[in-house]
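Here's the letter readout for the chains.
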Amino acid sequence: MNATARAGTANAANPVLRVAPATPAAAAAHFAASLAFHADVSDVASALAAGGDPGFVVLDSRSTASWDQGHVPGAVHLPTALVPEQAGRLLDRSVPVVTYCWGPGCNGATRAALALAELGFQVKEMLGGFEYWVREGFAYETWEGSRRRAADALTAPVDSEDCGC
């Protein structure tokens, strides 16, 4: 049995390589598209912290009770179900929108992003949502004022501002 045949036999049992990786060109197209649709929590925080106009608006698509519990400072509150009715008067179509909801287990931000795109807005979804905003140690607002928790060592470096990615 030659090396190619042995590799094919080994890959059939290997769950990672059971389906062959995409070609480099297909992978580049996929990952470029992913970056066109998604924004990282730390990138959003960095852009907002730089001061001035970040070039986008952050939209919290959760309920009022969730908003009151905590939200990204400066975010616009617009629950997903109200996007079709209210986005046109609350948002400027010439300014990209970054949506977020609770976290990775919630698709509210995805549904809000879809509704916004259907209304003609440029939109990205913030990966990790509010959960990862808080877990990475960024300040957030509640109905009682500003709060901040220590960074979770499983999601962000605890002694550095830069995760290196």
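Since this is a predicted model, take the numbers as computed values, not measurements. (Residues numbered from 1 in each chain as written. Predicted model: local features only at pLDDT ≥ 70, side-chain atom pairs only at ≥ 80, totals over all residues. Heavy atoms only, no water.)

Participant: Can you lay out the overall build of the protein for me, pointing to particular residues and giving the numbers?
Facilitator: A count of helices and strands for the protein gives seven helices and seven strands. Walking the protein from its N terminus toward its C terminus, one meets helices and strands in the order α-α-β-α-β-α-β-α-β-α-β-α-β-β. Scaling as 2.2 N^0.38, a compact globule of 165 residues should have a C-alpha radius of gyration of about 15 Å, whereas the protein reaches 20 Å, well beyond that. In the protein, which comprises 165 residues, the proportion classed as buried is 32%. Long-range pairs, those at least 24 residues apart, make up 60% of the contacts in the protein with a sequence separation of at least 6. Here the protein has roughly 10,000 Å² of accessible surface; of this, 58% comes from carbon and sulfur atoms. (Helix = DSSP H or I, 4+ residues; strand = E, 2+ residues; numbered from the N terminus. Rg over C-alpha atoms; globule rule 2.2 N^0.38 Å. Buried < 20%, exposed > 50% of the residue type's maximum accessible area, 1.4 Å probe, protein only. Contact = heavy atoms within 4.5 Å. Areas by Shrake-Rupley, 256 points an atom, 1.4 Å probe, with all protein chains shown as cover.)

Participant: Give me the side chain of T155: which residues, what numbers.
Facilitator: Along the polypeptide, T155 turns up in the segment after β7 (145-147). Of the polar contacts made by the side chain of T155, one reaches the backbone oxygen of R135; its length is 3.2 Å. Residues within four places of T155 in sequence aside, it is in contact with Y132, R135 and E136. (Polar contact = N/O pair within 3.5 Å; in protein donor to acceptor, adjacent residues only side chain to side chain.)

Participant: Tell me about the pattern of salt bridges, and please be specific about residues and values.
Facilitator: Applying the stated criterion across every chain yields a total of four salt bridges. Residue D152 pairs with R135 through a salt bridge whose shortest N-O separation is 2.6 Å. With D152 in the segment after β7 and R135 in helix α7 (residues 129-135), the pair connects residues that are 17 residues apart, well separated along the chain. On the basis of relative accessible area, R135 is assigned to the partly exposed category, the value being 23%. (Salt bridge = Lys/Arg side-chain N within 4 Å of Asp/Glu carboxyl O.)

Participant: Any chance you could break down the nonpolar core for me, citing the residues and the numbers?
Facilitator: V44, V58, V72, Y100, M126 and W133 are the most contacted members of the largest nonpolar core, which totals 17 residues. Those elements that provide at least two residues to this core are α3 (41-49), β4 (97-100) and α7. The residues contacting M126, other than those within four sequence positions of it, are A39, D40, V41, V44, V72, V98, T99, Y100 and W133. In this structure, V83, A87, L91 and A115 belong to the second largest nonpolar core, which totals 13 residues. (Core = buried A, V, L, I, M, F, W, Y, C linked by side-chain atoms within 4.5 Å.)

Participant: Now, about the sheet that holds β4: what can you tell me, with residues and values included?
Facilitator: The strands that make up a sheet pair up through hydrogen bonds in the backbone, lying either parallel or antiparallel. Taken in spatial order, the five strands of this open sheet run β1-β5-β4-β2-β3, and their pairing is parallel. Two strands in the sheet have a free side with no partner beyond their single neighbour: β1 (38-40) and β3 (76-77). Both strand β2 (residues 57-60) and β4 contribute to a ladder of four bridges, which runs parallel. Across the sheet, residue V57 finds its bridge partner in β4, namely V97. (Pairing = 2+ DSSP bridges.)

Participant: Mind laying out the environment of A25, listing which residues take part and the relevant values?
Facilitator: You can see A25 is positioned in helix α2 (residues 24-37). Classification of A25 as exposed rests on a relative accessible area of 59%.

Participant: Outline the environment of R62, listing residues and values.
Facilitator: Secondary-structure assignment places R62 in the loop between β2 and α4 (64-69). Its relative accessible area of 2% is what places R62 among the buried residues. Each C-alpha atom of the pair R62 and T80 lies 6.7 Å from the other, and the pair is 18 residues apart in sequence. Once you skip the residues sitting within four places of it in the chain, R62 turns out to touch W67, G70, H71, H77, P79, Y100, C101, W102 and F130.

By themselves, these observations are geometric and do not establish any function.
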